[in-house]
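# Secondary and tertiary structure notes
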Amino acid sequence: MIKKIDAKLADCRDLFYFDDSTSKLVTDRKADTRYLDPRPAVAQMRLDSLTGEWISVAAARHNRAFLPPAHQCPLCPTTEENLSELPDNFDVAVFENKSPSFGPTLAEVDDPNYAVVANLELGSVRDSIGRCEVVVFSPEHLGSLGELPVERVRTVVEAWAQRTEALQAMPGIRQVFPFENRGQEIGVTLHHPHGQIYSYPYVTPRTAKVLASIEAYGPNLFADTLAFEQAGERVLIKGQHFTAYVPFAGRWPIEIHMLPHRHVQHLGQLTDAERDELASIYSRLLKAMDKIYDSPTPYISAWHQAPLVEGGENVRLQLQITSPRRAADKLKYLAGSESAMGAFIADFPPEKTAAQIREVL
Ligand SMILES: [Zn+2]
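Residues numbered from 1 in each chain as written. Predicted model: local features only at pLDDT ≥ 70, side-chain atom pairs only at ≥ 80, totals over all residues. Heavy atoms only, no water.

## A look at helix H3 (residues 221-230)
For H3, every residue scored as buried is listed here: Leu221, Phe222, Leu226 and Glu229. For H3, the angular spread of the buried residues around the axis is 130°, confining them to a single face. Elements in contact with the buried residues of H3: helix H2 (205-217), strand S10 (235-238), strand S11 (242-245), strand S12 (254-260) and strand S14 (318-323). (Buried < 20%, exposed > 50% of the residue type's maximum accessible area, 1.4 Å probe, protein only. Helix = DSSP H or I, 4+ residues; strand = E, 2+ residues; numbered from the N terminus. Arc of directions from axis to C-beta. Contact = heavy atoms within 4.5 Å.)

## Brief notes about the sheet that holds strand S9 (residues 194-200)
Ordered in space as S1-S2-S5-S7-S9-S8-S13-S14-S12-S11-S10, the 11 strands form an open sheet in which the pairing is antiparallel. Edge positions in the sheet fall to strand S1 (3-8) and S10, since each of these pairs with one other strand and no more. On average, adjacent strands in this sheet sit at an angle of 15° to one another, irrespective of strand direction. When strand S7 (residues 131-136) meets S9, the two strands line up antiparallel, connected through 6 bridges. Among the inter-strand pairings, Arg131 is bridged to a residue of S9, identified as Ser199. (Pairing = 2+ DSSP bridges. Axes fitted to C-alpha atoms, helices over the stretch in contact; angles between N-to-C directions.)

## Digging into the coordination of the zinc ion
Here the zinc ion is held by the protein donor atoms Cys73 (SG), Cys76 (SG), His141 (ND1) and His192 (ND1), which lie 2.1 to 2.3 Å from it. Around the zinc ion sit 4 donor atoms; with metal-centred angles ranging over 102 to 117°, the donor geometry is tetrahedral. Coordination of the zinc ion draws on donor residues from a single chain, spaced C-x2-C-x64-H-x50-H in sequence. Here Cys73 is found in the loop between strand S4 (53-57) and strand S5 (92-96), whereas its partner His141 is found in the loop between S7 and helix H1 (150-168), with 68 residues between them in sequence. Assessed through its relative accessible area of 1%, Cys73 is described here as buried. (Donors = N, O, S within 2.8 Å, 3.2 Å for Na, K, Ca; no water. Tetrahedral: all angles 85-135°; square planar, octahedral: opposite > 155°, others 65-115°.)

## A look at the pairing of strand S2 (residues 14-19)
Within S2, 6 of the 6 residues are buried, which leaves it mostly tucked inside the rest of the structure. Examined bridge by bridge, S1 and S2 share 6 bridges and lie antiparallel to one another. For Lys3, the partnering residue across the bridge sits in S2 and is Asp19. Linking S1 back to S2 in an antiparallel pair, the connection comprises 5 residues, with Cys12 at a positive phi of about 75°. Bridge count for S2 against S5 is 4 bridges, and the pairing is antiparallel. For Tyr17, the partnering residue across the bridge sits in S5 and is Ala93.

## Section: the packing of H2 against H3
Packed helices, taken two at a time, are described by the angle their axes make and the gap between the axes. Across the interface, H2 lies against H3 with an axial gap of 10 Å and an inter-helix angle of 90°. Considering the angle they form, H2 stands roughly perpendicular to H3. Here Val210, Ser213, Ile214 and Tyr217 of H2 come into contact with H3, specifically with Leu221, Phe222 and Asp224. (Parallel < 35°, antiparallel > 145°, perpendicular 65-115°, else oblique.)

## A word on the pattern of salt bridges
All told, the structure shown has 27 salt bridges when counted by the stated rule. A salt bridge links Arg154 to Asp272, with the shortest nitrogen-to-oxygen separation between them at 3.6 Å. With Arg154 in helix H1 and Asp272 in helix H4 (residues 272-291), the pair connects residues that are 118 residues apart, well separated along the chain. On the accessibility criterion, Asp272 (52% relative accessible area) is exposed. Here Arg234 and Glu229 are joined by a salt bridge, their closest N and O atoms 2.9 Å apart. Each of the two residues, Arg234 as well as Glu229, counts as buried. One connected set of salt bridges, linked through shared partners, spans Lys8, Asp14, Arg39, Glu96, Arg131, Glu133 and Arg163. (Salt bridge = Lys/Arg side-chain N within 4 Å of Asp/Glu carboxyl O.)

As structure tokens, this is what we get:
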């Protein structure tokens, strides 16, 4: 069984260890003995009154570590020379981000209208309440999630699922988003294999669009999308509980989606059997990403989960892996049409992308 151990960092941030089911690690973990400065004040959200979108202005993030070498890595287990964020050894560790984009302050009362823009007012601001956590996939400084054993990926899935449930229960949280940025090309600032979980105080713009599509189409949008994709020629893996495919209207040179066959809104609602299969399929997909070319492919792996608002119950858990890599030595950049207008021009037919990925699965 995967074991969870609760701990605290020196500045009272939460730290959770998730030990593999066959872990040999001892339950007693060393305490964090560092002297730490107080955490930065909560960031501010400003309203873009033209689009109705919140922009979180997190100035403290500017000073964070940028690609430190292994002997100064904040995600490696602590040694005498390197007092890191992880005071002891671990399999998977989750802790609160020191300089978060959202939080550390949470809502005092859970006001569902905290960040709802009913009347657009110029100059609207709110505190960026919420929470950001770091998920460290391995104590090893080098490597990637795809290279780790499936057992470890299963532990990561368990951490995502349990943290999703805990974060959703915190006051003021409207959406919980586990994700991984992999590769320097994507803007990663730490090489050590890790992901993050953002908990937003509002429904993100992408999810707001999904809610509008459900409103227009009906509550079966996800079930029908799954059936449509399963009948198409872009299916990558069809398991007992999940189907992975390249979407009909994929935007990126490499784009993979995966949906559960059962309507679940978030990772926390998956059964043990579903979590097992998810870990195994996800591991295969990540391995395939690195086999498409001779070197590892940068990617963003995003777990879309239902927002905690009216209508959210019709949103299904969905994985989206995207990469801007369009050739061994070429990246797609978001240029005028995409950046300024949000209007995507795809460079490849998704059917071709599907054939390319299937070759290395
Ligand atoms: Zn490291």
